[in-house]
Amino acid sequence: MDEFELIRRYFAPLSGAADDVVLGIGDDCALLAPPPGYELAITSDTLISGRHFPEESRAFDVGWKALAVNLSDLAAMGARARWFTLALAVPQADESWLAGFADGLKQLADQAGVHLVGGDTTRGPLSITITALGIVPAGGALRRSGARAGDRVCVSGTLGDAALALDRWRAGDDSRADDAPSLRARLDRPTPRLALGEALREIAHAAIDLSDGLAADLSHVLKASGVGAHVYAARLPASTAFDRLAPAADRARLQLAGGDDYELCLCIAPSQLSEARRRAAALGCALTDIGEIEAGSGLGVVDVHGAPLAVSELGYRHFT
């Protein structure tokens, strides 16, 4: 199977038809037509087998996650996802693997309303590079640099599930009993919070998606905004599965430094918090107040006993 047959068979069906795609797959470049008054939001991530996901990961999950991590970046900017490109290197044209990979891409692309508009394929060690593009009203994008002293620090969903799943996988625990499958699903098939990012774009002052862990990612916001923050470990939202399976001694490490959950962390004025929660609830998503932005610099964490927690000592090695 040559490159053109591979694209025709597995990836051309992901192009779909959209009014804002003037020219999609099949030419030297795609031609896109953003609506007047909007800016383009563009992000790109590369995933390499064994470095960003386990080598034995299902092809469907690899396809899903490769797109999800990019869509999560668009969500953090409050952008509406519209298009993506794919650069794929594979050791060989394994038709079964390619079909599963394309299915994973397609399922999430259909859910998100995005269209494949171009890319490239080649032979080599397995790696996937996706560039995702979205639109946002001119001047309206959420940025890391907008946090203000007095804002509440909020997170969507729950934290620590993906990191716990990764810990269990590294320990060789492939149990499918109890809540283990739901944890592994959070690692393999994260849900980009696109609708939430759009819904809170005009309310939040700053936002970031949680790929490297709450402590690391929130610190990026603090540095960009020139402020500090305190968060409280006792307030960090946890799933039922996490509560059941996470060792008590590891909870703070997993939730603060684990990463890979792809939830949103947002800085919201106290006067807007009720409205933000209402909008999140309407989308079926929890929004939890975990701390506050303050004048100064750096991140302080209070543990479940009310004592300071040294975030720098947590440490964590994650995939993405």
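Before any of the text, the structure's been laid out above.
Now for a look at the structure at hand. Please read all numbers here as calculations on a predicted model, not as lab measurements. (Residues numbered from 1 in each chain as written. Predicted model: local features only at pLDDT ≥ 70, side-chain atom pairs only at ≥ 80, totals over all residues. Heavy atoms only, no water.)

Examining the sheet that holds strand S3 (residues 38–48)
Strands in a sheet are paired, the pairing made by backbone hydrogen bonds, and the direction either parallel or antiparallel. Taking strand neighbours across the sheet as the criterion, the four strands line up as S3-S6-S4-S5 in an open arrangement whose pairing is mixed. The sheet is open, and its two edges are formed by S3 and strand S5 (115–123), each paired on a single side. Going across the sheet, the axis of each strand differs from the next one's by a mean of 15°, ignoring polarity. Sheet topology note: the strand S4 (residues 80–90)/strand S6 (residues 127–137) ladder contains nine bridges and is antiparallel. From the neighbouring strand, Leu-86 faces S6, where its bridge partner is Ile-130. Sheet strands in contact with helix H3 (residues 95–112) are S4 and S6, and its direction is about 170° off that of S4. (Pairing = 2+ DSSP bridges. Helix = DSSP H or I, 4+ residues; strand = E, 2+ residues; numbered from the N terminus. Axes fitted to C-alpha atoms, helices over the stretch in contact; angles between N-to-C directions. Contact = heavy atoms within 4.5 Å.)

Some words on the pattern of salt bridges
The tally for this structure, following the rule as stated, stands at 19 salt bridges. The partner of Arg-186 in a salt bridge is Glu-263, with the nearest N and O atoms 3.1 Å apart. One end of the pair, Arg-186, is in helix H5 (residues 180–188); the other, Glu-263, is in the loop between helix H9 (251–257) and strand S10 (264–268), and 77 residues separate them in sequence. For the pair Arg-186 and Glu-263, a shared accessibility class is recorded, and that class is buried. Through salt bridges that share partners, Asp-161, Arg-186, Arg-193, Asp-261 and Glu-263 make up one connected network. (Salt bridge = Lys/Arg side-chain N within 4 Å of Asp/Glu carboxyl O. Buried < 20%, exposed > 50% of the residue type's maximum accessible area, 1.4 Å probe, protein only.)

Comments concerning the side chain of Ser-156
Structurally, Ser-156 is set in strand S7 (residues 152–156). Here Glu-263 takes part through its side chain, which lies 2.5 Å from a polar atom of the side chain of Ser-156. Of the polar contacts made by the side chain of Ser-156, one reaches the backbone nitrogen of Leu-264; its length is 2.9 Å. Filtering out sequence-adjacent residues up to four positions away, Ser-156 remains in contact with Arg-193, Leu-196, Glu-263, Leu-264, Cys-285, Ala-286 and Leu-287. (Polar contact = N/O pair within 3.5 Å; in protein donor to acceptor, adjacent residues only side chain to side chain.)

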